[in-house]
Amino acid sequence: MNYQRKYNFSPGPSQLPEEVLVSVQSELLNYQGSGSSVMELSHRGAEFQSIIKQTESLLRELLTIDDNYQVLFLQGGASAQFTNIPLNFLKPGQIADYLVTGQWSKKAVEEAKRIGQVNVVADGKASNYLSLPELDSWKLSDQSCYLHLASNETIGGLQFKSFPNSKSPLIADMSSDILSRRFDINQFAMVYAGAQKNLGPAGVTLVIVRKDLLATANVELPVYLNYQTHAEADSCYNTPPCFSIYVMGEVLKWIKEQSFDHLIANNQKKANLLYDFIDQSSFYSNPVQKEFRSEMNVPFLIADNSLENKFLYLAKENGLLNLQGHRSVGGMRASIYNAMPYAGVEALVNFMKNFEKECA
Ligand SMILES: *Cc1c(COP(=O)(O)O)cnc(C)c1O
(Lines give C-alpha, C1' and ligand atoms only; values in the text may rest on other atoms or scores of the structure.)
Protein backbone atom coordinates (compact mmCIF):
# COMPACT_ATOMS: atom_id res chain seq x y z
CA MET A 1 0.00 0.00 0.00
CA ASN A 2 1.09 3.55 -0.71
CA TYR A 3 2.78 4.76 2.48
CA GLN A 4 0.64 7.90 2.68
CA ARG A 5 -2.61 6.01 2.65
CA LYS A 6 -4.21 4.87 5.88
CA TYR A 7 -6.89 2.35 6.68
CA ASN A 8 -10.19 4.20 6.65
CA PHE A 9 -12.98 2.57 8.68
CA SER A 10 -15.50 5.30 7.88
CA PRO A 11 -19.14 4.23 7.45
CA GLY A 12 -19.35 6.32 4.29
CA PRO A 13 -18.04 7.78 2.15
CA SER A 14 -15.67 4.92 2.70
CA GLN A 15 -12.32 3.64 1.52
CA LEU A 16 -12.11 2.79 -2.19
CA PRO A 17 -9.92 0.02 -3.60
CA GLU A 18 -6.45 1.46 -4.13
CA GLU A 19 -6.23 -0.27 -7.52
CA VAL A 20 -9.33 1.65 -8.61
CA LEU A 21 -7.92 4.98 -7.50
CA VAL A 22 -4.69 4.29 -9.34
CA SER A 23 -6.54 3.38 -12.51
CA VAL A 24 -8.80 6.44 -12.26
CA GLN A 25 -5.74 8.59 -11.72
CA SER A 26 -3.99 7.13 -14.75
CA GLU A 27 -6.80 8.19 -17.07
CA LEU A 28 -7.92 11.29 -15.21
CA LEU A 29 -6.59 13.81 -17.71
CA ASN A 30 -7.16 11.85 -20.89
CA TYR A 31 -9.81 9.16 -20.84
CA GLN A 32 -8.85 6.41 -23.29
CA GLY A 33 -7.43 8.77 -25.87
CA SER A 34 -10.50 11.03 -25.91
CA GLY A 35 -8.34 14.00 -24.91
CA SER A 36 -10.77 14.80 -22.07
CA SER A 37 -11.35 13.71 -18.52
CA VAL A 38 -14.48 11.66 -17.84
CA MET A 39 -15.58 14.72 -15.86
CA GLU A 40 -15.57 16.69 -19.10
CA LEU A 41 -17.31 14.23 -21.40
CA SER A 42 -20.83 14.80 -22.68
CA HIS A 43 -23.26 12.47 -20.97
CA ARG A 44 -24.82 11.86 -24.39
CA GLY A 45 -21.54 11.20 -26.19
CA ALA A 46 -20.31 7.77 -27.26
CA GLU A 47 -17.62 7.52 -24.56
CA PHE A 48 -19.87 8.12 -21.58
CA GLN A 49 -22.72 6.08 -23.07
CA SER A 50 -20.30 3.20 -23.31
CA ILE A 51 -19.24 3.72 -19.67
CA ILE A 52 -22.80 3.70 -18.33
CA LYS A 53 -23.78 0.66 -20.42
CA GLN A 54 -20.72 -1.27 -19.29
CA THR A 55 -21.35 -0.36 -15.65
CA GLU A 56 -24.91 -1.62 -15.95
CA SER A 57 -23.89 -4.83 -17.66
CA LEU A 58 -21.21 -5.62 -15.06
CA LEU A 59 -23.76 -5.09 -12.34
CA ARG A 60 -26.26 -7.35 -14.08
CA GLU A 61 -23.59 -10.00 -14.46
CA LEU A 62 -22.38 -9.88 -10.84
CA LEU A 63 -25.87 -9.89 -9.32
CA THR A 64 -27.51 -12.05 -12.03
CA ILE A 65 -30.14 -9.48 -12.86
CA ASP A 66 -32.19 -10.30 -15.92
CA ASP A 67 -34.27 -8.19 -18.28
CA ASN A 68 -37.40 -7.98 -16.18
CA TYR A 69 -35.51 -5.55 -13.93
CA GLN A 70 -34.60 -1.98 -14.73
CA VAL A 71 -31.27 -0.68 -13.45
CA LEU A 72 -31.22 3.06 -12.69
CA PHE A 73 -28.41 5.41 -11.74
CA LEU A 74 -30.04 8.25 -9.83
CA GLN A 75 -29.12 11.08 -7.48
CA GLY A 76 -30.29 12.13 -4.04
CA GLY A 77 -28.84 9.17 -2.16
CA ALA A 78 -30.74 6.42 -0.42
CA SER A 79 -32.44 9.19 1.55
CA ALA A 80 -34.22 10.49 -1.55
CA GLN A 81 -35.53 6.97 -2.17
CA PHE A 82 -37.10 6.99 1.30
CA THR A 83 -39.37 9.66 -0.20
CA ASN A 84 -39.52 8.48 -3.81
CA ILE A 85 -40.62 4.96 -2.98
CA PRO A 86 -43.89 5.96 -1.27
CA LEU A 87 -44.42 8.78 -3.78
CA ASN A 88 -44.27 6.27 -6.61
CA PHE A 89 -45.77 3.15 -5.09
CA LEU A 90 -47.91 3.99 -2.03
CA LYS A 91 -51.31 4.82 -3.49
CA PRO A 92 -53.95 6.96 -1.75
CA GLY A 93 -56.24 4.81 0.38
CA GLN A 94 -53.71 1.96 0.40
CA ILE A 95 -51.10 0.89 2.90
CA ALA A 96 -47.39 0.05 2.89
CA ASP A 97 -45.68 -2.34 5.31
CA TYR A 98 -42.39 -1.35 6.94
CA LEU A 99 -40.07 -3.30 9.18
CA VAL A 100 -38.10 -1.27 11.74
CA THR A 101 -34.76 -2.76 12.73
CA GLY A 102 -32.75 0.36 13.51
CA GLN A 103 -32.15 3.95 12.57
CA TRP A 104 -32.19 3.73 8.78
CA SER A 105 -35.33 1.65 8.45
CA LYS A 106 -36.96 4.01 10.94
CA LYS A 107 -36.03 7.00 8.80
CA ALA A 108 -37.67 5.31 5.84
CA VAL A 109 -40.88 4.96 7.89
CA GLU A 110 -40.85 8.59 8.95
CA GLU A 111 -40.65 9.70 5.34
CA ALA A 112 -43.34 7.32 4.14
CA LYS A 113 -45.69 8.56 6.86
CA ARG A 114 -45.53 12.03 5.36
CA ILE A 115 -46.90 10.60 2.14
CA GLY A 116 -49.37 7.86 2.97
CA GLN A 117 -50.55 5.18 5.31
CA VAL A 118 -47.86 3.05 6.92
CA ASN A 119 -48.08 -0.17 8.91
CA VAL A 120 -45.03 -0.99 11.01
CA VAL A 121 -45.06 -4.80 10.86
CA ALA A 122 -42.52 -5.19 13.64
CA ASP A 123 -40.11 -2.96 15.53
CA GLY A 124 -36.89 -4.25 17.08
CA LYS A 125 -37.06 -1.68 19.83
CA ALA A 126 -37.78 -4.26 22.54
CA SER A 127 -34.37 -5.82 21.86
CA ASN A 128 -32.81 -2.36 21.68
CA TYR A 129 -32.28 -3.16 17.98
CA LEU A 130 -29.75 -5.83 18.87
CA SER A 131 -31.78 -8.56 17.24
CA LEU A 132 -34.17 -8.90 14.29
CA PRO A 133 -37.85 -9.38 15.13
CA GLU A 134 -38.93 -13.03 14.69
CA LEU A 135 -40.64 -13.56 11.37
CA ASP A 136 -43.77 -15.03 12.97
CA SER A 137 -44.25 -11.85 15.03
CA TRP A 138 -44.52 -9.64 11.94
CA LYS A 139 -47.98 -8.11 11.55
CA LEU A 140 -48.26 -7.95 7.79
CA SER A 141 -51.20 -6.15 6.18
CA ASP A 142 -53.61 -8.19 4.10
CA GLN A 143 -52.94 -6.04 1.11
CA SER A 144 -49.98 -3.74 1.11
CA CYS A 145 -48.40 -1.86 -1.78
CA TYR A 146 -45.02 -3.19 -0.69
CA LEU A 147 -42.95 -4.35 2.28
CA HIS A 148 -39.85 -2.29 3.03
CA LEU A 149 -36.78 -3.30 5.06
CA ALA A 150 -33.12 -2.36 5.43
CA SER A 151 -30.88 -5.37 4.77
CA ASN A 152 -28.06 -4.01 6.93
CA GLU A 153 -28.40 -1.43 9.68
CA THR A 154 -25.22 0.55 9.26
CA ILE A 155 -25.34 2.24 12.67
CA GLY A 156 -26.44 -0.69 14.84
CA GLY A 157 -24.44 -3.33 12.96
CA LEU A 158 -27.41 -5.64 12.41
CA GLN A 159 -27.86 -7.61 9.18
CA PHE A 160 -30.43 -9.90 7.61
CA LYS A 161 -28.80 -13.23 6.76
CA SER A 162 -31.75 -14.38 4.66
CA PHE A 163 -34.86 -12.65 3.42
CA PRO A 164 -38.53 -13.42 3.90
CA ASN A 165 -40.67 -14.59 1.01
CA SER A 166 -43.09 -11.74 0.80
CA LYS A 167 -46.57 -11.71 -0.74
CA SER A 168 -46.38 -8.00 -1.39
CA PRO A 169 -43.47 -6.55 -3.39
CA LEU A 170 -40.35 -6.60 -1.22
CA ILE A 171 -38.21 -3.45 -1.27
CA ALA A 172 -34.82 -3.31 0.44
CA ASP A 173 -32.43 -0.53 1.32
CA MET A 174 -29.10 -2.27 0.68
CA SER A 175 -26.95 0.84 0.95
CA SER A 176 -24.39 -0.67 3.26
CA ASP A 177 -24.18 -4.28 2.10
CA ILE A 178 -24.95 -4.48 -1.61
CA LEU A 179 -22.36 -6.54 -3.50
CA SER A 180 -20.76 -7.71 -0.27
CA ARG A 181 -22.47 -11.11 -0.60
CA ARG A 182 -24.87 -12.92 -2.86
CA PHE A 183 -28.62 -12.54 -2.67
CA ASP A 184 -31.41 -13.62 -5.00
CA ILE A 185 -32.66 -10.52 -6.77
CA ASN A 186 -35.83 -12.43 -7.71
CA GLN A 187 -37.01 -12.21 -4.10
CA PHE A 188 -37.17 -8.44 -4.45
CA ALA A 189 -39.32 -6.00 -6.37
CA MET A 190 -36.76 -3.28 -5.75
CA VAL A 191 -33.40 -2.79 -4.08
CA TYR A 192 -31.52 0.46 -3.80
CA ALA A 193 -28.25 1.76 -2.43
CA GLY A 194 -26.30 4.96 -2.16
CA ALA A 195 -22.93 4.24 -3.76
CA GLN A 196 -20.58 5.61 -1.14
CA LYS A 197 -20.28 2.46 1.00
CA ASN A 198 -19.72 -0.56 -1.20
CA LEU A 199 -20.04 0.71 -4.76
CA GLY A 200 -17.99 3.82 -5.31
CA PRO A 201 -17.94 7.51 -4.51
CA ALA A 202 -20.93 9.51 -3.29
CA GLY A 203 -23.22 11.09 -5.85
CA VAL A 204 -24.86 8.14 -7.55
CA THR A 205 -27.67 6.02 -6.15
CA LEU A 206 -28.32 2.60 -7.57
CA VAL A 207 -31.94 1.49 -8.02
CA ILE A 208 -32.84 -1.95 -9.33
CA VAL A 209 -36.58 -2.21 -9.86
CA ARG A 210 -38.73 -4.95 -11.33
CA LYS A 211 -40.58 -3.75 -14.38
CA ASP A 212 -44.02 -4.84 -13.17
CA LEU A 213 -43.63 -2.66 -10.06
CA LEU A 214 -42.18 0.18 -12.11
CA ALA A 215 -45.25 0.08 -14.34
CA THR A 216 -47.44 0.93 -11.33
CA ALA A 217 -45.57 4.17 -10.53
CA ASN A 218 -47.80 7.17 -9.90
CA VAL A 219 -47.91 9.02 -13.22
CA GLU A 220 -49.25 12.17 -11.65
CA LEU A 221 -45.96 12.88 -9.92
CA PRO A 222 -43.73 15.70 -11.11
CA VAL A 223 -41.76 14.26 -14.00
CA TYR A 224 -38.41 14.10 -12.26
CA LEU A 225 -39.77 12.22 -9.25
CA ASN A 226 -41.32 9.47 -11.33
CA TYR A 227 -39.02 6.44 -11.62
CA GLN A 228 -40.42 5.76 -15.10
CA THR A 229 -38.92 9.01 -16.38
CA HIS A 230 -35.44 7.77 -15.56
CA ALA A 231 -36.14 4.27 -16.85
CA GLU A 232 -37.39 5.53 -20.21
CA ALA A 233 -34.32 7.74 -20.58
CA ASP A 234 -31.80 5.06 -19.49
CA SER A 235 -30.84 7.23 -16.49
CA CYS A 236 -30.00 10.15 -18.81
CA TYR A 237 -33.20 12.16 -18.54
CA ASN A 238 -30.96 14.93 -17.27
CA THR A 239 -27.22 14.97 -16.60
CA PRO A 240 -26.40 11.94 -14.45
CA PRO A 241 -23.51 11.89 -11.94
CA CYS A 242 -21.13 10.84 -14.73
CA PHE A 243 -17.90 10.63 -12.78
CA SER A 244 -19.42 8.64 -9.91
CA ILE A 245 -20.96 6.18 -12.38
CA TYR A 246 -17.58 5.78 -14.06
CA VAL A 247 -15.81 5.07 -10.76
CA MET A 248 -18.56 2.62 -9.82
CA GLY A 249 -17.84 0.83 -13.09
CA GLU A 250 -14.17 0.63 -12.14
CA VAL A 251 -15.10 -0.81 -8.73
CA LEU A 252 -17.24 -3.45 -10.46
CA LYS A 253 -14.32 -4.37 -12.74
CA TRP A 254 -12.13 -4.70 -9.64
CA ILE A 255 -14.67 -7.11 -8.14
CA LYS A 256 -14.91 -9.13 -11.32
CA GLU A 257 -11.14 -9.36 -11.72
CA GLN A 258 -10.59 -10.92 -8.31
CA SER A 259 -13.94 -12.81 -8.67
CA PHE A 260 -17.05 -12.10 -6.67
CA ASP A 261 -16.60 -15.36 -4.73
CA HIS A 262 -13.14 -14.32 -3.63
CA LEU A 263 -14.44 -10.95 -2.44
CA ILE A 264 -17.27 -12.63 -0.51
CA ALA A 265 -14.90 -15.09 1.16
CA ASN A 266 -12.59 -12.23 2.10
CA ASN A 267 -15.48 -10.28 3.64
CA GLN A 268 -16.33 -13.29 5.80
CA LYS A 269 -12.71 -13.74 6.86
CA LYS A 270 -12.44 -10.07 7.81
CA ALA A 271 -15.62 -10.10 9.88
CA ASN A 272 -14.68 -13.38 11.61
CA LEU A 273 -11.25 -12.09 12.53
CA LEU A 274 -12.68 -8.99 14.19
CA TYR A 275 -15.66 -10.59 15.92
CA ASP A 276 -13.60 -13.54 17.18
CA PHE A 277 -11.09 -11.16 18.67
CA ILE A 278 -13.80 -9.04 20.33
CA ASP A 279 -15.58 -12.13 21.70
CA GLN A 280 -12.49 -13.62 23.37
CA SER A 281 -11.74 -10.29 25.05
CA SER A 282 -13.34 -9.01 28.24
CA PHE A 283 -12.02 -5.56 27.44
CA TYR A 284 -14.04 -5.11 24.22
CA SER A 285 -17.59 -6.16 23.46
CA ASN A 286 -20.16 -6.22 20.69
CA PRO A 287 -23.75 -6.42 21.91
CA VAL A 288 -25.52 -7.60 18.74
CA GLN A 289 -27.08 -11.07 18.74
CA LYS A 290 -24.51 -13.29 17.03
CA GLU A 291 -26.64 -14.67 14.23
CA PHE A 292 -27.51 -11.16 13.01
CA ARG A 293 -24.15 -9.45 13.31
CA SER A 294 -23.26 -7.34 10.32
CA GLU A 295 -20.32 -8.35 8.18
CA MET A 296 -19.91 -4.74 7.09
CA ASN A 297 -20.29 -2.58 10.21
CA VAL A 298 -18.88 -3.77 13.51
CA PRO A 299 -19.77 -1.56 16.48
CA PHE A 300 -17.85 -2.26 19.66
CA LEU A 301 -17.46 -0.90 23.17
CA ILE A 302 -14.63 -0.71 25.67
CA ALA A 303 -15.67 -1.87 29.14
CA ASP A 304 -14.26 1.35 30.61
CA ASN A 305 -15.75 3.90 28.23
CA SER A 306 -13.59 6.70 29.60
CA LEU A 307 -10.84 5.17 27.43
CA GLU A 308 -12.69 5.84 24.16
CA ASN A 309 -11.06 9.14 23.33
CA LYS A 310 -7.62 7.74 23.98
CA PHE A 311 -8.44 4.73 21.82
CA LEU A 312 -9.58 6.90 18.93
CA TYR A 313 -6.64 9.26 19.27
CA LEU A 314 -4.06 6.47 19.28
CA ALA A 315 -5.83 4.58 16.50
CA LYS A 316 -5.53 7.64 14.31
CA GLU A 317 -1.87 8.03 15.23
CA ASN A 318 -1.46 4.45 14.03
CA GLY A 319 -3.10 5.09 10.66
CA LEU A 320 -6.52 3.67 11.55
CA LEU A 321 -9.08 6.34 10.72
CA ASN A 322 -12.71 7.04 11.55
CA LEU A 323 -13.38 4.40 14.18
CA GLN A 324 -15.74 6.52 16.25
CA GLY A 325 -19.29 5.15 16.56
CA HIS A 326 -22.26 7.02 15.15
CA ARG A 327 -22.86 10.29 17.01
CA SER A 328 -26.21 8.96 18.24
CA VAL A 329 -24.80 5.82 19.92
CA GLY A 330 -21.16 6.55 20.77
CA GLY A 331 -18.63 3.77 21.27
CA MET A 332 -16.61 2.60 18.32
CA ARG A 333 -17.50 1.19 14.94
CA ALA A 334 -15.31 -0.36 12.29
CA SER A 335 -16.87 -0.32 8.84
CA ILE A 336 -15.16 -3.02 6.85
CA TYR A 337 -16.75 -2.75 3.43
CA ASN A 338 -15.58 -4.52 0.27
CA ALA A 339 -12.61 -2.23 -0.26
CA MET A 340 -11.12 -2.74 3.22
CA PRO A 341 -8.29 -5.26 2.78
CA TYR A 342 -7.81 -8.16 5.18
CA ALA A 343 -4.53 -6.53 6.21
CA GLY A 344 -6.52 -3.48 7.37
CA VAL A 345 -8.58 -5.59 9.76
CA GLU A 346 -5.41 -7.35 10.94
CA ALA A 347 -3.85 -3.97 11.65
CA LEU A 348 -6.94 -2.97 13.62
CA VAL A 349 -6.96 -6.17 15.67
CA ASN A 350 -3.24 -5.80 16.44
CA PHE A 351 -3.81 -2.24 17.53
CA MET A 352 -6.74 -3.31 19.75
CA LYS A 353 -4.58 -6.04 21.34
CA ASN A 354 -1.82 -3.59 22.14
CA PHE A 355 -4.21 -1.00 23.46
CA GLU A 356 -5.81 -3.59 25.74
CA LYS A 357 -2.39 -4.66 27.05
CA GLU A 358 -1.47 -1.09 27.77
CA CYS A 359 -4.73 -0.09 29.47
CA ALA A 360 -6.31 -3.20 31.00
C1 LIG B 1 -25.86 5.55 4.53
C2 LIG B 1 -27.20 4.95 4.50
C3 LIG B 1 -28.32 5.67 4.06
C4 LIG B 1 -28.24 7.11 3.64
O5 LIG B 1 -27.61 7.21 2.42
P6 LIG B 1 -27.49 8.59 1.63
O7 LIG B 1 -26.96 8.12 0.31
O8 LIG B 1 -26.54 9.45 2.39
O9 LIG B 1 -28.83 9.19 1.54
C10 LIG B 1 -29.53 5.02 4.03
N11 LIG B 1 -29.65 3.74 4.40
C12 LIG B 1 -28.60 3.02 4.85
C13 LIG B 1 -28.79 1.60 5.24
C14 LIG B 1 -27.35 3.60 4.90
O15 LIG B 1 -26.29 2.89 5.33
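Scroll up a little and you will see the structure.
Definitions and limits used
The numbers attached to residues start from 1 for each chain and follow its sequence in the written order. For a predicted model such as this one, the threshold for reporting local features is a pLDDT of at least 70, and the threshold for listing and counting side-chain atom pairs is 80 or more; totals across whole chains, interfaces and linings nevertheless cover every residue. The side-chain figures draw on all heavy atoms in the structure; neither hydrogens nor water molecules are used. Here a helix means four or more residues in a row that DSSP labels H or I, a strand means two or more in a row labelled E, and each is numbered from the N terminus. In this scheme, a residue with accessible area under 20% of its type's maximum is buried, one over 50% is exposed, and one in between is partly exposed, where area comes from a 1.4 Å probe on protein chains only. Here a polar contact is recorded for every N or O atom pair within 3.5 Å, except that within protein the pair must consist of a potential hydrogen donor and a potential acceptor, and residues adjacent in sequence are included only if both atoms are side-chain atoms. By definition, a salt bridge exists where a carboxyl oxygen of Asp or Glu is found within 4 Å of a side-chain nitrogen of Lys or Arg. In this analysis the probe radius is 1.4 Å and the grid spacing 1 Å, with only protein atoms considered; a cavity is a set of points the probe fits into but cannot get out of, a pocket is an open set with protein on both sides within 12 Å along at least five of seven lines, and lining residues have an atom within 4 Å of a point. Grid points are joined across faces, edges and corners, and a volume is the space filled by probe spheres set on the points. The nonpolar class holds Ala, Val, Leu, Ile, Met, Phe, Trp, Tyr, Cys and Pro. Asp, Glu, Lys and Arg form the charged class, and all remaining residues, Gly among them, are polar.

### A closer look at the environment of S26
By the secondary structure assignment, S26 is in helix α1 (residues 18-26). On the basis of relative accessibility, which here comes to 62%, the residue S26 falls in the exposed class. C-alpha separation for the pair S26 and D184, spaced 158 residues apart in sequence, amounts to 36 Å. Polar side-chain contacts of S26 include one of 2.8 Å to the backbone oxygen of S23.

### Here's the deal with the pattern of salt bridges
Scanning the model with the defined rule gives 10 salt bridges in all. Among the salt bridges present, the one from D261 reaches R182, with a minimum N-O distance of 2.8 Å. One end of the pair, D261, is in helix α8 (residues 260-280); the other, R182, is in the loop between β8 (170-173) and β9 (190-194), with 79 residues separating them in the sequence. Here the residues in one salt-bridge network are D279, K290 and R293, joined through shared partners.

### Here's the deal with the layout of surface pockets
Space inside the largest pocket adds up to approximately 450 Å³. Forming the boundary of the largest pocket are 21 residues, of which N128, L130, I155, G156 and V329 lie nearest the centre. Listed by contribution, the elements that provide at least two residues to the lining of the largest pocket are α4 (103-113), β12 (297-302) and β14 (332-335). With three residues, the single largest contributor to the lining of the largest pocket is β12. Partitioning the lining of the largest pocket into residue classes produces nine nonpolar, nine polar and three charged. Of the voids in this model, the second largest pocket is the one considered here, and its volume is about 380 Å³. In terms of lining, the second largest pocket is formed by 22 residues, of which the most central are S79, W104, K107, I155 and K197. Counting residues per element, the ones that place at least two in the lining of the second largest pocket are α3 (77-89) and α4. Ranked by residues supplied to the lining of the second largest pocket, first place goes to α3 with four residues.

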